[in-house]
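Per-entry structural report
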Amino acid sequence: MPILAIAASALLLADARADVFKYVDGKGNTYFTDAPLAGSKYRLAWKRESERLASEKRERLVSENRQRLAKLGLGSSPAGVSALSLRAVPAPRFAPPLAPALPPASATDQSLAARRARFERVINAYAQVYGLSPQLLHAVIRTESAYNHEAVSRAGAEGLMQLMPGTAARYGVKDSFNPVENVRGGAAYLRDLLNLFGQDLTLALAGYNAGENAVIRNGNQIPPYPETQNYVRQVLQHLAAERVGG
């Protein structure tokens, strides 16, 4: 039987030039296929071009994201997420203290474990403020900077959570090399991304790396950028290690 799928999501796998047929049988079961089904037990519900169906699905996903942004008070355009978390979940009145200072060596000269220990209390504090797991923040920071608060990427991202200047400004981070400010801004951004993408962690991570608009433009899928795809894999690997105590 030439049935491609029973789930509507499989329609996107069809050849963009093919037609898609939707049939319903006497028991109410639904079938999607790329060719007509023979037999009187199947009733044709509709026939449409798969390219059009895929386009409509993408448009619907973008519309849903715009509606989410509108509900969050950010307007109907997915041009960017503002510092929503800092309004909806106020930053703590205290500055989470750093662990006792380590000897004044360069951050790159300290071991990974020592750098991690130095920022443990800050990470735990802001994980609680923004409703994130500390393990997730650790996984992101390890991937982004390996706990080097002095890190600067080729693209200009700075600090522990590698905030781009625009993102830092969006979340009120005046000094991205200040670990307390950096983790606050990064945690707030990650929380907004999780809210925007329906708590889908992989999409939130992709948005953190490539920007939320890139995810939306690609139909709420991880963008086809090798760097972003590798980034998501690395964070998830570190997260898995965190959860088993590694």
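Our subject in this report is the structure included herewith. Fair warning: this is a prediction, and the values are worked out from it, not measured in the lab.

Points about the overall build of the chain
- Along its length, the chain carries 9 helices and 4 strands.
- Looking at the chain residue by residue over its 246 residues, the buried ones come to 42%.
- Look at the contacts in the chain between residues 6 or more apart in sequence, and 48% of them connect residues 24 or more apart.

Examining helix α7 (residues 201-210)
- Looking only at α7, the buried set comprises Leu203, Ala204, Leu205, Ala206, Gly207 and Tyr208.
- The inward-facing, buried residues of α7 contact α4 (134-144), α6 (179-196), α8 (212-217) and α9 (226-243).
- Phi for Gly211, located one or two positions after α7, is positive at around 100°.

Focus on the environment of Lys47
- With respect to the helices and strands, the residue Lys47 is situated in strand β4 (residues 42-49).
- For Lys47 and Asp19, which are 28 residues apart along the polypeptide, the C-alpha to C-alpha distance reads 6.8 Å.

Examining the packing of aromatic side chains
- Enumeration according to the criterion identifies 3 aromatic pairs in this entry.
- Taking the centre distance of 5.4 Å and the plane angle of 35° together, the rings of Tyr189 and Tyr208 count as tilted. Taken together, the residues Tyr189 in helix α6 and Tyr208 in helix α7 connect sequence positions 19 residues apart. Considered together, Tyr189 and Tyr208 belong to a single accessibility category, that of buried residues.

Regarding the nonpolar core
- Ranked by internal contacts, the top residues of the largest apolar core, which has 40 residues, are Val140 and Tyr208.
- Mapped by element, the contributors of at least two residues to this core are α3 (112-129), α4, α6, α7, α8 and α9.
- If you look at the next biggest cluster of nonpolar residues, it comprises 5 residues, including Phe21, Tyr23, Tyr31 and Leu37.

Brief notes about unusual backbone geometry
- Despite not being glycine, Ala146 shows a phi value in the positive range, around 55°.
- Mapped onto the fold, Ala146 is located in the loop between α4 and α5 (165-170).
- Taking the relative accessible area as the measure of exposure, Ala146 reaches 26% and is therefore partly exposed.
- The phi angle at Asn220 is positive, at roughly 60°, despite the residue not being glycine.
- Relative to the helices and strands, Asn220 resides in the loop between α8 and α9.

Focus: the pattern of salt bridges
- According to the stated counting rule, one finds 3 salt bridges in the structure shown.
- The partner of Arg116 in a salt bridge is Glu120, and the shortest N-O contact between them spans 3.6 Å. Of the two residues, Arg116 and Glu120 are both situated in helix α3; the distance of 4 residues between them amounts to about one turn of the helix.
- Assessed through its relative accessible area of 24%, Arg116 is described here as partly exposed.
- You can call Glu120 partly exposed: its relative accessible area is 25%.
- Here Glu242 ties to Arg116 by a salt bridge, and the two come within 2.6 Å at their closest N and O atoms. With a gap of 126 residues between them, Glu242 in helix α9 and Arg116 in helix α3 connect regions that are remote in the sequence.

Scoring rules and cut-offs
The numbering scheme is per chain: residues are counted from 1 as the chain's sequence reads. Residue-level local features of this predicted model are given only where pLDDT is at least 70; pairs of side-chain atoms are given and counted only at 80 or more, and the full residue set underlies all totals for whole chains, interfaces and linings. Side-chain calculation: all heavy atoms of the structure are included, whereas hydrogens and water are not. In this text, helices come from DSSP runs of H or I with a minimum length of four residues, and strands from runs of E with a minimum of two, each type numbered from the N-terminal end. A 1.4 Å probe rolled over the protein chains alone gives each residue an accessible area, and that area as a share of the maximum for its type sets the label: buried under 20%, exposed over 50%, partly exposed in between. Note on definitions: a residue-residue contact is assigned when non-hydrogen atoms from the two residues lie within 4.5 Å. Only rings of Phe, Tyr and Trp enter the pairing, Trp through its six-membered ring, and a pair is recorded when the two centres are within 6.5 Å. The plane angle decides the type: under 30 degrees is stacked, over 60 is edge-to-face, the rest tilted. Remark: nonpolar core denotes a set of buried residues (Ala, Val, Leu, Ile, Met, Phe, Trp, Tyr, Cys) joined through side-chain atoms within 4.5 Å. Definition used for salt bridges: Asp or Glu carboxyl oxygen within 4 Å of a side-chain nitrogen of Lys or Arg.

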